[in-house]
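Residue strings, one per chain:
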Amino acid sequence: MALMYPLFLYIGIPATGVLFLLFHLIRKKKTVFDGGTRAANAQFTKELPEYRSRQALTRLLAVLMELFLIAGIISALVLCARPYKTETVTSGTRKRDIFLCMDVSYSIYALNYDLVENLKEVVGGLRGDRFGICIFNTSTVLYVPMTDDYDFVTTKLDDIKEYFRLQADYMEYVDEWGYINVPESDYDTWEELREKLDYYDAGTLIQNYQKGSSLIGEGLVSCLYSFPSLDDEDRTRVIIMATDNAEEAQAKPLVELDEAARLCKKNKVTVFGIFPDRETFSLVNDQDYETERNEMKKDIELTGGKFYEQSKSLTVSDIVADIQEQEAMEVDEITTTRTVDQPKAAAIVLLISVLGALLTGLLLRR
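I will try to describe carefully the structure that is included in this document. (Residues numbered from 1 in each chain as written. Predicted model: local features only at pLDDT ≥ 70, side-chain atom pairs only at ≥ 80, totals over all residues. Heavy atoms only, no water.)

## Focus on the pairing of strand β7 (residues 236-242)
Buried residues dominate β7, accounting for seven of its seven residues. Side chains of β7 alternate between two faces, with T236, V238, I240 and A242 and R237, I239 and M241 buried alike. Bridge analysis of strand β3 (residues 96-103) against β7 gives seven bridges, and the strand direction is parallel. Bridging across to β7, M102 finds its partner in A242. (Buried < 20%, exposed > 50% of the residue type's maximum accessible area, 1.4 Å probe, protein only. Helix = DSSP H or I, 4+ residues; strand = E, 2+ residues; numbered from the N terminus. Pairing = 2+ DSSP bridges.)

See below:
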């Protein structure tokens, strides 16, 4: 332990010693008889056992009070001198930013539901990392800005999990009745379901009829530029992206997936891609499972990340665990030195000294 302002002790302790010395000299001078009326036969009183024991107790209390006062003054001087220690802290996760980037088109609700459920446990175990969520379809919503408030992130993951559950209910209706043939007995429930989904869909379907849906490249690049201070090279940045790469553009997108991947690489952002299994992949127009899979794999690996294909042998929980392990190895070690105040011991001594001086003072007055 060191002192930030030792001058307080260098001056304070000698000054305290001088003050107490002067106090004793003045007190001793006052005990010498310098006139007045003397009491007769006082010597007999001083020889009584009760008098002697009382006098001994008074002297003891006086000495204790003086010691308490000295200890209190010295501990107060130590606090003024500000004791501290220097700590070296090593951290390997302090500068890692992770974005979850999710294609929220209804075709991959099952994949998204599992992904969110498994990421909740990961977020709960983070220490020092920052986490954010982007969702996209036609347009992108910054659902959770980059933050280290893990309770808030977990709450928002629960909210969006409810979105994917509603999507599942909606798709059950569509599979059974289509979009317009819902029977009258189920119509109220269908309308209530649609209203709940509209709340979540509102920000992700802007200009949907003109632009189309599942604009993968635009979703990824919007997520990329949602990182705060993207030019700060001291941070490790990761995007976990879930999509089936089944783009349904009505017009040429502003950014295609390969262009977005090159921008991620340029900005040193690693992308981990998660692709749905063959059973849940929805064919649209002339789209083909292998074609969409291979194109996405190529673009994801361009960023230095890894491509995962969900299957019976590779579940979402396995994928999340693997991503977490890989990224943990890539984080640079960060060492910082900081000064920490150490007032505890001196404060305890000061408190005990004050209480002790008060107690002995009360006993002396009795």
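This is not the end of the story, as more comes after the structure.
## A look at the nonpolar core
Of all hydrophobic cores here, the largest spans 43 residues; its most connected members are L100, L115 and F131. One finds I216, L230, V255 and L257 within the second-largest nonpolar core, a separate group that totals 25 residues. (Core = buried A, V, L, I, M, F, W, Y, C linked by side-chain atoms within 4.5 Å.)

## Focus on the environment of L224
On the secondary structure map, L224 appears in helix α8 (residues 216-224). Looking at L224, the relative accessible area reads 0%, which means it is buried. For L224 and N267, which are 43 residues apart along the polypeptide, the C-alpha to C-alpha distance reads 8.7 Å.

## Examining the pattern of salt bridges
Close approach of charged atoms lets side chains of opposite charge pair. This model, assessed by the stated rule, comprises 14 salt bridges. Of the charged contacts in the structure, one is a salt bridge between D158 and K120, with a shortest N-O distance of 2.8 Å. Here D158 is found in helix α5 (residues 150-177), whereas its partner K120 is found in helix α4 (residues 109-124), with 38 residues between them in sequence. A salt bridge links D198 to R194; its shortest N-O distance comes to 2.6 Å. Here D198 pairs with R194, and both are found in helix α6 (residues 184-201), just four residues apart, close to one helical turn. Take D198: its relative accessible area is 39%, and that puts it in the partly exposed class. (Salt bridge = Lys/Arg side-chain N within 4 Å of Asp/Glu carboxyl O.)

## Brief notes about the side chain of N245
Relative to the assigned elements, N245 resides in the loop between β7 and β8 (248-249). Assessed through its relative accessible area of 7%, N245 is described here as buried. If sequence neighbours within four positions are ignored, N245 has contacts with I216, L257, F275, E292, E295 and M296. (Contact = heavy atoms within 4.5 Å.)

## What about the packing of aromatic side chains?
The final tally for this structure, using the stated rule, is six aromatic pairs. Look at F99 and F227: their rings are 5.0 Å apart centre to centre, the planes differ by 80 degrees, and that puts the pair in the edge-to-face class. One end of the pair, F99, is in strand β3; the other, F227, is in the loop between α8 and β7, and 128 residues separate them in sequence. A centroid spacing of 5.2 Å and a plane angle of 80 degrees characterise the contact between Y199 and Y200, whose relative ring orientation is edge-to-face. Judged by relative accessible area, Y200 falls into the buried class, the value being 16%. (Phe/Tyr/Trp six-rings, centres within 6.5 Å; stacked < 30°, edge-to-face > 60°.)

## Quick look at a negative patch on the surface
A surface patch of like charges, here negative, comprises E184, D188, E191 and E195. Assignment of secondary structure puts E184 in helix α6. (Patch = residues over 30% accessible without salt bridge, like charges linked within 9 Å, V, L, I, M, F, W, Y side chains within 5 Å. Areas by Shrake-Rupley, 256 points an atom, 1.4 Å probe, with all protein chains shown as cover. Lys, Arg positive; Asp, Glu negative; His and termini not counted. Charge placed at Lys NZ, Arg CZ, Asp CG, Glu CD.)

## Considerations on α6
Over its 18 residues, α6 runs 25 Å from end to end, which matches the ideal 26 Å to within 8%, given 1.5 Å per residue. All buried positions along α6 are accounted for by W190, L193, R194, L197, Y200 and D201. (Expected span 1.5 Å × (residues − 1).)

## A few points about helix α12 (residues 344-365)
The terminal C-alpha atoms of α12 lie 32 Å apart, and with 22 residues this matches the ideal 32 Å at 1.5 Å per residue to within 8%. Within α12, the full set of buried residues consists of A346, S353, G356, A357, T360 and G361. Considered in projection along α12, the buried side chains sweep an arc of 130 degrees and stay on one side of the axis. Exposed residues pointing more than 90 degrees away from the buried face of α12 are listed as K344, L351, L355, L358, L359 and L362. Next to the buried residues of α12 lie α3 (49-81). (Arc of directions from axis to C-beta.)

## Section: the state of the cysteines
Taken as a whole, this structure holds zero disulfides when the rule is applied. C223 supplies the cysteine sulfur nearest to C101, a cysteine that is in no disulfide, at a spacing of 4.2 Å. No disulfide involves C134; its sulfur sits 4.0 Å from the nearest other cysteine sulfur, which is in C223. (Disulfide = S-S within 2.5 Å.)

## Section: the pairing of strand β4 (residues 130-136)
Summarising burial for β4: six of the seven residues are buried, a large majority. In this fold, the crossover linking β3 to β4 by way of α4 has right-handed handedness. Examined bridge by bridge, β4 and strand β5 (residues 140-147) share five bridges and lie antiparallel to one another. Opposite F131, over in β5, you have T147 as the bridge partner. Between β4 and β5, which pair antiparallel one after the other, the connecting turn spans three residues. (Right-handed = clockwise from strand over helix to strand, strands pointing away.)

## Re the sheet that holds strand β9 (residues 269-275)
With mixed pairing, six strands are arranged side by side in an open sheet as β5-β4-β3-β7-β9-β10. Where the open sheet ends on each side, the last strands, each with one partner, are β5 and β10 (307-309). Going from strand to strand, the sheet's axes swing by 15 degrees on average, the running direction of each strand aside. With three bridges joining them, β9 and β10 adopt parallel strand pairing. From the neighbouring strand, I274 faces β10, where its bridge partner is Y308. Of the strands in this sheet, β3, β4, β7 and β9 are in contact with α4, which crosses β3 at around 160 degrees. (Axes fitted to C-alpha atoms, helices over the stretch in contact; angles between N-to-C directions.)

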